[in-house]
Amino acid sequence: GLVGENNRGYLEVMVKKLEKDADLKNKIQKLAAAENADRKAYYKETVRLSNDSKITLTTVEGVYAMTRLNRAKKGESFQLPDKGEDFEKFRKTKIGMKLGKECVPKAWVTIK
């Protein structure tokens, strides 16, 4: 519950939950930064190995973010996609419907 997945496929530290513990916040930020560096390297390699010139880093980030969101488990935190096709598809999933009124573009939610 101290980190969440943003809608670009990277971890974000849930800063409000760590306001009172600077040491823990620092440790979690370092871990998240290391994980995000690994993810970015993986995403870039995926783009490099792609035979499709239309595949960009942004495309790979978005696909990964949607894959993680669609596999979300109870208690995990996610930022929902921007308004558009991905959001509309997600809104109609079991997870999206369960979120109800919380299911709005770009919102941070905890899966129920």
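Our subject is the structure listed above.
Let me begin by describing the structure that accompanies this report. (Residues numbered from 1 in each chain as written. Predicted model: local features only at pLDDT ≥ 70, side-chain atom pairs only at ≥ 80, totals over all residues. Heavy atoms only, no water.)

## Points about helix α2 (residues 57–70)
Here's step 1: In this model α2 runs 20 Å from its N-terminal to its C-terminal C-alpha over 14 residues, within 8% of the 20 Å that 1.5 Å per residue would give.
Here's step 2: Along its buried surface, α2 packs onto α1 (22–49), β3 (77–79), α3 (85–91) and α4 (94–99). (Helix = DSSP H or I, 4+ residues; strand = E, 2+ residues; numbered from the N terminus. Expected span 1.5 Å × (residues − 1). Contact = heavy atoms within 4.5 Å.)

## Points about a nonpolar patch on the surface
Here's step 1: A cluster of nonpolar side chains, contributed by L2, V3 and L24, occupies part of the molecular surface with about 180 Å² of accessible area.
Here's step 2: Positionally, L24 belongs in helix α1. (Patch = residues over 30% accessible without salt bridge, like charges linked within 9 Å, V, L, I, M, F, W, Y side chains within 5 Å. Areas by Shrake-Rupley, 256 points an atom, 1.4 Å probe, with all protein chains shown as cover. Salt bridge = Lys/Arg side-chain N within 4 Å of Asp/Glu carboxyl O.)

## A look at the side chain of N7
Here's step 1: Relative to the helices and strands, N7 resides in the loop between β1 (3–5) and β2 (11–13).
Here's step 2: Sequence-distant contacts of N7, defined by excluding residues within four places in its chain, comprise A65, Q79, L80, P81, D82 and K106.

## A word on the nonpolar core
Here's step 1: Membership of the largest hydrophobic core comes to 13 residues, with the highest contact counts inside it found for L69, L80, F90, L99, C103, V109 and I111.
Here's step 2: At the level of secondary structure, the elements contributing two or more residues to this core comprise α2, α3 and α4.
Here's step 3: Among residues more than four places away in sequence, those in contact with L99 are L80, F90, V109, T110 and K112. (Core = buried A, V, L, I, M, F, W, Y, C linked by side-chain atoms within 4.5 Å. Buried < 20%, exposed > 50% of the residue type's maximum accessible area, 1.4 Å probe, protein only.)

## Some points on the packing of α1 against α2
Here's step 1: At a minimum axis separation of 9 Å, α1 and α2 run at an interaxial angle of 120°. If you check the angle between α1 and α2, you find them oblique. The handedness of the crossing between α1 and α2 comes out as right-handed. Facing α1, whose interface residues are R39, K40, Y43, K44, T46 and V47, α2 presents L57, V60, E61 and Y64. (Axes fitted to C-alpha atoms, helices over the stretch in contact; angles between N-to-C directions. Parallel < 35°, antiparallel > 145°, perpendicular 65-115°, else oblique. Left-handed = near helix turned anticlockwise from the far one by under 90°.)

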